[in-house]
Amino acid sequence: MSVAMPAQDTSVLKRRREIVRALRTMVPAEGVIDTEREMRPYQSDGLTAYRQLPMVVVLPHTTDQVAAVLRYCHQNGIKVVPRGAGTSLSGGALPLGDGVLLGMARFNRIREIDFANRVAVVEPGVTNLAVTQAVEHAGFYYAPDPSSQIACTIGGNVAENSGGVHCLKYGMTTNNVLGCEIVLITGEIVRLGGKHLDAGGYDLLGIVVGSEGLLGVVTEVTVRILKKPEVARALLIGFPTSEEAARCVGSIIGAGIIPGGIEMMDRLAIHSAEAFVHAGYPLDVEAILIVELDGPRVEVDHLVERVGEIAKTCGASGLRVSTSEKERLLFWAGRKAAFPAVGRISPDYYCMDGTIPRAMLPRVLLRMQELSEIYRLRVANVFHAGDGNLHPLILYDANQPGELERAEAFGADILKLCVEVGGVLTGEHGVGVEKRDLMPVMFSQGDLDQQQRLKCAFDDKGLLNPGKVFPTLSRCAELGRMHVSGGRLPFADIPRF
């Protein structure tokens with residue numbers, strides 16, 4: 001539900017005008033948006049069930065401007081919510097009515113491509129797919145490939161530690177980022193890592209990737225680019241039941257085979273994607289696996305045969321192997337279009353994200369079907385089966401009283417189930433506001449306090465993206481300062497600019 005700008009008393013309006021006026025001196029021209037109509041596009045991210053107009057939107061385009069804005073906000077106790085492309089599905093970029101929304105979309109340049117060191121240096125507003133497009137002429141690509149890669153940005157990928165269909169073999173964002181330039185809430189500009197494989201000292205880069213905008217604002221990212229494999233072939237395998245497909249995933253990995261990706265879709269998702277993309281998916285099965293194998297030709301040919309044999313022993317009812325690059329991409333096109341395809345059969349859907357051990361796939365899928373009947377809501381399953389990252393799509397109609405609430409309760413039960421079987425609350429979408437109140441299901445209060453102490457070391461006033469991730473906010477003074485190198489994180493040896 002949209003939240004309009006509330007009636008405010010004179011003192012609040014005066015303070016807002018002062019803030020807007022100050023921000024315009026830092027980010028001139030059209031870099032500050034303060035009218036309700038123009039701020040409306042920023043009221044929500046991909047989790048559209050939650051909406052809130054920000055106090056003001058700022059669109060800087062240089063690191064110095066970001067530093068100036070954050071320094072001003074820190075000095076004046078103003079909350080800040082960083083935002084990339086707004087494709088977050090956990091409410092991570094949901095604005096605050098009394099906070100500045102810091103939009104990073106104007107940071108959209110690729111600063112350097114270094115083929116000798118196999119890296120690209122990009123600004124956070126560069127889209128995921130644009131990195132691959134910039135280097136593919138030389139036979140390189142950027143491995144992480146979320147389904148939203150045409151729109152989602154590298155900065156958002158860093159914030160949420162995004163993955164994609166090929167993360168099984170090539171890793172998540174954290175495995176493909178070598179360096180970052182970040183601006184702290186104090187306006188201090190810090191560089192972590194670089195073009196080298198690993199940095200000495202504390203793994204601060206590992207902390208920043210996946211920190212959901214709670215620790216700093218990323219203004220530059222150095223990513224690893226890879227040489228394209230000699231051959232890539234995809235197998236499209238149909239199964240009579242989802243449980244058989246799930247068991248096949250474990251059998252493939254158990255045989256020592258690590259495909260580029262293993263994706264699974266159930267009947268509802270298959271029919272939706274096929275009607276949308278016409279990828280050639282079989283319609284007489286309950287589940288399909290898309291298994292991609294890449295590498296030297298002789299190796300791929302051997303592994304295609306082995307995976308085919310494993311699939312047959314697991315009860316596969318049909319198998320197709322891509323015979324051309326066009327056909328391989330078509331197999332993937334259906335999978336990557338599954339989310340919008342499901343949107344054609346339901347007014348609304350709630351995209352979940354949780355991760356479980358692969359061996360638990362059959363049990364979890366069976367339980368999700370039972371929950372679907374309990375909550376009287378359909379669910380389409382589309383997920384990264386190879387690494388156990390589930391993306392159930394709960395179908396509902398927000399215009400029907402109570403359906404959104406049932407969808408949220410259904411989703412909460414799925415996430416609790418993930419933790420119950422030894423998994424975690426999120427694989428790549430982040431916690432944001434969506435999973436915030438479920439954090440105690442996975443973490444003790446001591447765990448949560450320690451995580452907040454780490455945030456306090458970066459953000460002593462709790463101004464960066466407050467209200468996200470943690471179910472309760474504690475003042476840094478109440479938690480006690482994190483004592484590292486004399487009471488602060490060891491930034492002394494990190495280059496500043």
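Notes on the structure follow. Computed from a predicted model, the values in this text were never measured in an experiment.

### Overview of the environment of Lys228
Phase 1: Tracing the backbone through its elements, the reader meets Lys228 in the loop between β11 (226-227) and β12 (231-239).
Phase 2: Linking Lys228 and Arg376, residues 148 residues apart in sequence, is a C-alpha distance of 45 Å.
Phase 3: Excluding its chain neighbours within four sequence positions, the residues that come into contact with Lys228 are Glu136, Gly139, Phe140 and Tyr141.

### Considerations on the packing of helix α1 (residues 10-26) against helix α3 (residues 63-76)
Phase 1: At a closest axis distance of 9 Å, the pairing of α1 and α3 adopts a crossing angle of 150°. As summarised for this structure, α1 and α3 are arranged roughly antiparallel, according to the angle between their axes. Note that α1 runs across α3; the crossing there is right-handed. Across the interface between the two elements, Arg15, Glu18, Ile19, Ala22, Leu23 and Met26 from α1 touch Gln65, Ala68, Val69, Tyr72 and Asn76 from α3.
Phase 2: Residue composition of the contact of α1 with α3, by class: 7 nonpolar, 2 polar and 2 charged.

### Observations regarding the pattern of salt bridges
Phase 1: Throughout the structure, instances matching the rule amount to 24 salt bridges.
Phase 2: For Glu123, the salt bridge identified is with Arg111, shortest N-O distance 3.1 Å. Separated by 12 residues along the polypeptide, Glu123 in the loop between β6 (119-122) and α4 (128-135) and Arg111 in strand β5 (residues 110-114) bring together distant segments of the chain.
Phase 3: Given a relative accessible area of 1%, Glu123 falls into the buried group.
Phase 4: Take Arg111: its relative accessible area is 31%, and that puts it in the partly exposed class.
Phase 5: Where salt bridges share partners, they join Arg109, Arg111, Glu123, Glu181, Arg191 and Glu220 into one cluster.

Cut-offs applied
- Position numbers for residues count from 1 along each chain, tracking the sequence in the order it is written.
- Local features in this predicted model are restricted to residues of pLDDT 70 or higher, and side-chain atom pairs are both shown and tallied only at a pLDDT of 80 or more, whereas totals for entire chains, interfaces and linings draw on every residue.
- Calculated side-chain values reflect all of the structure's heavy atoms, with hydrogen atoms and water omitted.
- Strands are runs of DSSP state E lasting at least 2 residues, helices are runs of H or I lasting at least 4, and numbering of each runs from the N terminus.
- Whether two residues are in contact is decided by their heavy atoms: any pair within 4.5 Å suffices.
- The axes are straight lines fitted to the C-alpha atoms, using for helices just the contacting stretch, and the angles between their N-to-C directions are given from 0 to 180°.
- These descriptions rest on fixed angle ranges, namely under 35 degrees for roughly parallel, over 145 for roughly antiparallel, 65 to 115 for roughly perpendicular, and the rest for oblique.
- For any pair of crossing helices, the crossing counts as left-handed if the nearer helix is rotated counterclockwise from the farther one by less than a right angle, and right-handed if it is rotated clockwise.
- Residues are grouped as follows: nonpolar covers Ala, Val, Leu, Ile, Met, Phe, Trp, Tyr, Cys and Pro; charged covers Asp, Glu, Lys and Arg; every other residue, Gly included, is treated as polar.
- Salt bridge, as used here, is a side-chain nitrogen of Lys or Arg placed within 4 Å of a carboxyl oxygen of Asp or Glu.
- To sort residues, take the accessible area from a 1.4 Å probe on protein chains only and compare it with the maximum for the residue type: under 20% means buried, over 50% means exposed, and anything in between is partly exposed.

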